[in-house]
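These are the residues of each chain, in order.
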Amino acid sequence: QLVFIHSSLCHACVNFELAPCRGTLQDVDRSELELALGRFSNVTVLEIRRQGFNTILLTLLKQGREDGAVVFPALHTLVLDLHFDVGESWWNELRAALSQRKSAGRPITKLVIQGEGGLRSYRDWHEDPIRGEGKDEDDFDYGANEPFQVTLEREAQLVGEVVDERNAPRQCSCQFPYYSN
């Protein structure tokens, strides 16, 4: 079992409206991480806890190593603890990783989703079809971006078992529209 856990005392997590949290692996070089994780060939359970918007581990699960080898070839259980809502592109990366592992004959057979952040998602600013040419993230109207419920139905089609341990949304007093009730 291998666990990546991020502190709830992270400045970006506490002050989300200033900068989105990208977890403990936000500044890690992919090739260095790939090299380090390549030694863990017997990991059967991977827990990714409170890593914010960071998808580097999901990307490694999807793409594998540069030499074509599968990262964590013995992996069968993936546990994701989501502290706050993540965007649609994060969920797309998860589904791509699950699909690729299945296609490569190394499927993840059990997916466990925990935490209040797994209940809702939203369209990411860069995926907004109406944001227009020449616009950037500062121009995106987050207030008009209604969150939607995450059902886990698409994920269930890619794994043998989905364990839904998501919590009820917490009462948040923050100013970021997705996290306030």
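The preceding data block contains the structure.
In this text, all values refer to a predicted model and were calculated from it rather than measured experimentally. (Residues numbered from 1 in each chain as written. Predicted model: local features only at pLDDT ≥ 70, side-chain atom pairs only at ≥ 80, totals over all residues. Heavy atoms only, no water.)

S.K.: Account for the sheet that holds strand S3 (residues 77-81), naming residues and giving values.
M.R.: Here five strands make up an open sheet; going across it, the order is S1-S2-S3-S4-S7 and the pairing parallel. Bordering the open sheet on either side are strand S1 (2-5) and strand S7 (161-165), each of which pairs with just one other strand. Between one strand axis and the next, the sheet turns through 10° on average, direction left out of account. Direction of pairing for S1 relative to strand S2 (residues 45-49): parallel, over a ladder of four bridges. (Pairing = 2+ DSSP bridges. Helix = DSSP H or I, 4+ residues; strand = E, 2+ residues; numbered from the N terminus. Axes fitted to C-alpha atoms, helices over the stretch in contact; angles between N-to-C directions.)

S.K.: Give a detailed account of unusual backbone geometry, specifying residues and quantitative values.
M.R.: One non-glycine residue, Phe72, adopts positive backbone phi at about 55°. As for its placement among the helices and strands, Phe72 is situated in the loop between helix H3 (56-63) and S3.

S.K.: Requested: an account of H3, with residues and values cited.
M.R.: Most of H3 sits out of view: six of its eight residues are buried. Those residues of H3 that fall on the buried side of the exposure criterion are Ile56, Leu57, Leu58, Thr59, Leu60 and Leu61. Looking at the buried side of H3, the elements it contacts are S1, helix H2 (30-37), S2, S3 and helix H4 (88-103). Taken from the residues just after H3, Gly64 is the one with a positive phi, measuring 75°. (Buried < 20%, exposed > 50% of the residue type's maximum accessible area, 1.4 Å probe, protein only. Contact = heavy atoms within 4.5 Å.)

S.K.: Tell me about the pattern of salt bridges, and please be specific about residues and values.
M.R.: Per the counting criterion, the structure on display carries seven salt bridges. Put simply, Arg65 and Asp67 hold a salt bridge, and the shortest N to O gap is 2.7 Å. Taking relative accessible area as the criterion, Arg65 reaches 24% and is therefore assigned partly exposed. Ionic contacts of the salt-bridge type, sharing partners, join the residues Glu47, Arg49 and Asp81 into one network. (Salt bridge = Lys/Arg side-chain N within 4 Å of Asp/Glu carboxyl O.)

S.K.: Outline empty space enclosed by the protein, listing residues and values.
M.R.: Within the structure shown, the criterion is met by three cavities of 30 Å³ or more. In this structure, the second largest cavity encloses a volume near 60 Å³. Around the second largest cavity sit Ile48, Gln51, Gly52, Asn54, Leu58, Leu80, Asp81, Leu82 and Trp90, which together line it. Grouping the amino acids of the lining of the second largest cavity by side-chain chemistry returns five nonpolar, three polar and one charged. (1 Å grid on protein atoms, 1.4 Å probe; cavity = no way out; pocket = protein on both sides within 12 Å on 5 of 7 lines; lining within 4 Å. Points joined across faces, edges and corners; volume = space filled by probe spheres on them. Nonpolar A, V, L, I, M, F, W, Y, C, P; charged D, E, K, R; others polar.)

S.K.: Lay out H4 in plain terms, naming residues and giving numbers.
M.R.: Relative to the 22 Å expected for 16 residues at 1.5 Å per residue, H4 spans 22 Å between its end C-alpha atoms, a close match to the ideal helical length. For H4, the full list of buried residues reads Trp90, Trp91, Glu93, Leu94, Arg95, Ala97, Leu98 and Arg101. Elements that come into contact with the buried residues of H4 comprise H3, S3, strand S4 (110-114), strand S5 (120-121) and helix H5 (153-156). Just beyond H4, the residue with positive phi is Gly105, at close to 80°. (Expected span 1.5 Å × (residues − 1).)

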